[in-house]
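# Observations on chain architecture
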Amino acid sequence: MFALLITEHRFLQNIIIPCFLEKQVGKDFYVLQEIINQQSTEYGVSPEYQQMIVNLCSRFDDKNLSKVYNKQKLPVKQFIENIETKLFVETIRPFIDSMIVRCLTIAVENKVPLYLRKNNNINFLQEDIVRISDVVPELIFNFERTPDALHYHQTITVGKKEMNLYGKSYRMLSIDPCRIVIDNVLYAIENIDSAKLLPFFTKKTISIPKHLEVNYFQTFVSKAVANYKVNANGFDILEVREFPTFSVTIVPNMEGKQSLFVNVVYHGHSFELNKKNDCHVKFEQEQDNITFYKIFRNSEEENNFLKPLLENGLMFDKFGFLNSQIGEHIYNWLSNHIELFSKDNCRLMFDSGKLVVTEIPEIEIKVDTSSDWFDLKSFVIVGNKKIPFSAFKKHVLERIPEFVIDESTVFIIPEEWFSRYNAVFSFSTQTGETIRLHKHHLAVFESFGENVDISTLRSNQPENIAVPIGLKGKLRPYQESGYQWLYDRLKFGVGCCLADDMGLGKTLQAIALLLKQKDESLTLTNTKTGTKSSA
């Protein structure tokens, strides 16, 4: 029968050895028939899983360890007997542990029996069988705080049963990850350095003097609370589960490019959004009262916040900064998606601490057209702030996106403003909060789009105005259209230029306009603006 023996090496601590055991006729025990290695006769005809186990075990036999780690080329026996402690602890034993864990994994999958070997015996009784636990045990830290000291011990739970380690027999097969035999049962305990278990097989508790207590709480106990189940007596452990707030900072990434960096805040503690640490432990002491807050993250809420950012074109770089997938400047991206940060539990800010306005801006415009120019009194409404549009002149002309509203707030100018309103500011003058634009810049004025109704200032269909009776000539159809267009422009107080080719009757059209003014009592009054023009 192929089996694994758990035995103690004189210098390498506990190891496992592949072997064949033979059942004695009429007896209830097995006898060691042969220890298997790669030179054994049975090796070549063994099943594949047995060969894999033999190969792994051969890698930590004396000869192969000497071949790899014996830099001084000492004889094998001399090297094994005199391995330096640092080399063994930091290199050789972790290697052996990794091979043993792989062997045990194969053994469990293929139901290979395990036996404890004591004192190099060759007979193996029923009591030497090692059973493999089918339940993953949980490590428990037990702390009791008394007026004199802090006491603690460790136990493990297997299923619903708690096991005290004190006085138990054990064999440590692997320190990290932990593989340990306790009272002939093999346990795989994850996420624990099994060396921390060893003292409690021989000690009921470990006591920490009172004067070292606080430092011990802040270090060892805090880590235990963060990673394991803890039973506390004499101090409190409170679990905090709450909705997060999101702190989004506009900051240069590692390449100096403006990016977004997101921290998620729970109970005053910040987690980096892209890192998956599940909890944080906060230590507080008030007089003699000690409290640990175990702060858990809300992955559902975090995913709900992150999902629309990724769906709208952002991606994490390897350092955790959010950037546009297509290389778009983050300000441009924010201009189109600023509403994603307008939630009550979100703050968008610069690394200076200034908050970024997340409300969509509105433009309020009043226009006075009673003169030969447009007087604009325009305001940008952002949240509860009303800012004169004229204040944005320098920023628009010089393409400066950050507009400081006050000492704590910044408005990021939408990218489209730089092209839409550049001509407005370039061709206008400014008096206080008023922007003045000559009427011959009517096309520039249209950059305000739907914010201003200019239908009364620009008409694509001039009124059908009769030709004056006193005109000594006949207007051709295109000349009549030109005359009507001139009349329409003049009526609304807007300058105009007739630029027909030479010989097409520009003079005749102008005479017709002058006669029309004369027919209307020498003065044409602009019915829309009150502007007067005299012949």
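Residues numbered from 1 in each chain as written. Predicted model: local features only at pLDDT ≥ 70, side-chain atom pairs only at ≥ 80, totals over all residues. Heavy atoms only, no water.

Quick look at helix H7 (residues 299–311) now. An α-helical segment advances 3.6 residues per turn. Residues three or four places apart therefore align on the same side. The end-to-end C-alpha separation of H7 is 18 Å, in line with the 18 Å expected for 13 residues at 1.5 Å each. If you check which residues of H7 are buried, you get Glu302, Phe305, Leu306, Pro308 and Leu309. Packing partners of the buried residues in H7 comprise strand E16 (245–252), strand E17 (258–266), strand E21 (314–316), strand E22 (322–324), helix H8 (330–337) and strand E23 (346–350). Phi for Gly313, located one or two positions after H7, is positive at around 105 degrees. (Helix = DSSP H or I, 4+ residues; strand = E, 2+ residues; numbered from the N terminus. Expected span 1.5 Å × (residues − 1). Buried < 20%, exposed > 50% of the residue type's maximum accessible area, 1.4 Å probe, protein only. Contact = heavy atoms within 4.5 Å.)

The next point concerns the side chain of Asp97. Following the sequence through the fold, Asp97 ends up in helix H4 (residues 85–109). In contact with Asp97, not counting residues within four places along its chain, are Leu173, Ser174, Ile175 and Asp176.

Strands sit in the order E15-E20-E19 across an open sheet of three strands; the sheet is mixed. Two strands bound the open sheet, and with one partner strand each, they are strand E15 (236–241) and strand E19 (279–286). Between one strand and the next, the sheet's axes are offset by a mean angle of 25 degrees, whatever the strand orientation. Where E15 and strand E20 (residues 289–296) come together, six bridges link them in parallel fashion. Across the sheet, the residue bridging to Arg241 is Phe296, located in E20. (Pairing = 2+ DSSP bridges. Axes fitted to C-alpha atoms, helices over the stretch in contact; angles between N-to-C directions.)

Bridge count for strand E26 (residues 373–382) against strand E31 (residues 434–438) is five bridges, and the pairing is antiparallel. Note that in E31 the partner of Lys377 across the bridge is Thr434. Summarising the sheet, strand E30 (residues 429–431) and E31 pair through three bridges and their orientation is antiparallel. Each bridged residue has a counterpart across the sheet, and for Gln430 the counterpart in E31 is Ile435. What sits between E30 and E31 in their antiparallel hairpin is a turn of two residues, with Gly432 showing a positive phi close to 60 degrees.

This part takes up the nonpolar core. Generally speaking, soluble globular proteins have nonpolar side chains that are buried together. Counting 44 residues, the largest nonpolar core has Ile53, Phe60 and Leu65 as its most contacted members. Sorting the residues of this core by element identifies strand E1 (2–9), strand E2 (13–23), helix H1 (48–58), helix H2 (62–69), helix H3 (76–81), H4 and strand E4 (114–116) as the ones contributing at least two each. Top contributing element to this core by residue count: H4, with ten residues. Contact partners of Phe60, with chain neighbours within four places excluded, come to Leu12, Ile15, Ile16, Leu65, Phe95, Ile96, Met99 and Ile100. Membership of the second largest hydrophobic core comes to 32 residues, among which are Leu150, Cys178, Val225 and Ile290. (Core = buried A, V, L, I, M, F, W, Y, C linked by side-chain atoms within 4.5 Å.)

It is worth spelling out the packing of aromatic side chains at this point. Applying the stated rule across the entire model yields 36 aromatic pairs. Residue placement shows Arg241 over the ring face of Phe296; its charged tip is 3.8 Å from the ring centre. (Phe/Tyr/Trp six-rings, centres within 6.5 Å; stacked < 30°, edge-to-face > 60°. Lys NZ or Arg CZ within 6 Å of the ring centre and 35° of its normal.)

Time to look at the side chain of Ser259. Looking at where Ser259 falls in the secondary structure, it is placed in strand E17. When its relative accessible area of 0% is taken as the criterion, Ser259 is described as buried. A distance of 3.3 Å separates polar atoms of two side chains, one belonging to Ser259 and the other to Asn253. Separated by 2.4 Å, the side chains of Ser259 and Asn323 make a polar contact. Those residues in contact with Ser259 that lie beyond four places of it in its chain are Thr249, Ile250, Val251, Asn253, Phe321, Leu322, Asn323 and Ile330. (Polar contact = N/O pair within 3.5 Å; in protein donor to acceptor, adjacent residues only side chain to side chain.)

This next bit is on the pattern of salt bridges. In this structure the tally under the stated criterion is 18 salt bridges. A salt bridge links Glu272 to Lys275; its shortest N-O distance comes to 3.6 Å. Arg297 is paired through a salt bridge with Glu302; the nearest N and O atoms lie 2.8 Å apart. By relative accessible area, Glu302 is classed as buried at 5%. Taken together, the salt bridges that share partners define one network made up of Arg145, Lys210, Glu213 and Asp288. (Salt bridge = Lys/Arg side-chain N within 4 Å of Asp/Glu carboxyl O.)

Before going further, it helps to spend a moment on the packing of helix H13 (residues 477–491) against helix H14 (residues 506–519). At their nearest, the axes of H13 and H14 sit 9 Å apart, and the two run at 50 degrees to each other. If you check the angle between H13 and H14, you find them oblique. Crossing geometry of H13 relative to H14 is assigned as right-handed. Listed contacts from H14 to Gln479, Gly482, Tyr483, Leu486, Tyr487 and Leu490 of H13 are Leu508, Gln509, Ala512, Leu513, Lys516 and Gln517. (Parallel < 35°, antiparallel > 145°, perpendicular 65-115°, else oblique. Left-handed = near helix turned anticlockwise from the far one by under 90°.)

Strand order in the open sheet made by the nine strands is E5-E3-E2-E1-E4-E6-E12-E11-E10, with mixed pairing throughout. The open sheet has two edge strands with one neighbour each: strand E5 (123–124) and strand E10 (170–174). Across eight bridges, E1 lies against E2 in antiparallel orientation. Residue pairing across strands places Glu8 opposite Asn14, the latter belonging to E2. Contacts from H1 reach E1 and E2, with the element oriented near 145 degrees to E2.

Bringing the environment of Ile92 into the picture now. Tracing the sequence through the fold places Ile92 in helix H4. For Ile92, a relative accessible area of 0% corresponds to the buried category. Sequence separation of Ile92 and Gln33 is 59 residues, and the distance between their C-alpha atoms is 30 Å. With residues up to four places along the chain from it excluded, the contact list for Ile92 reads Leu65, Tyr69, Phe79, Ile83 and Leu87.

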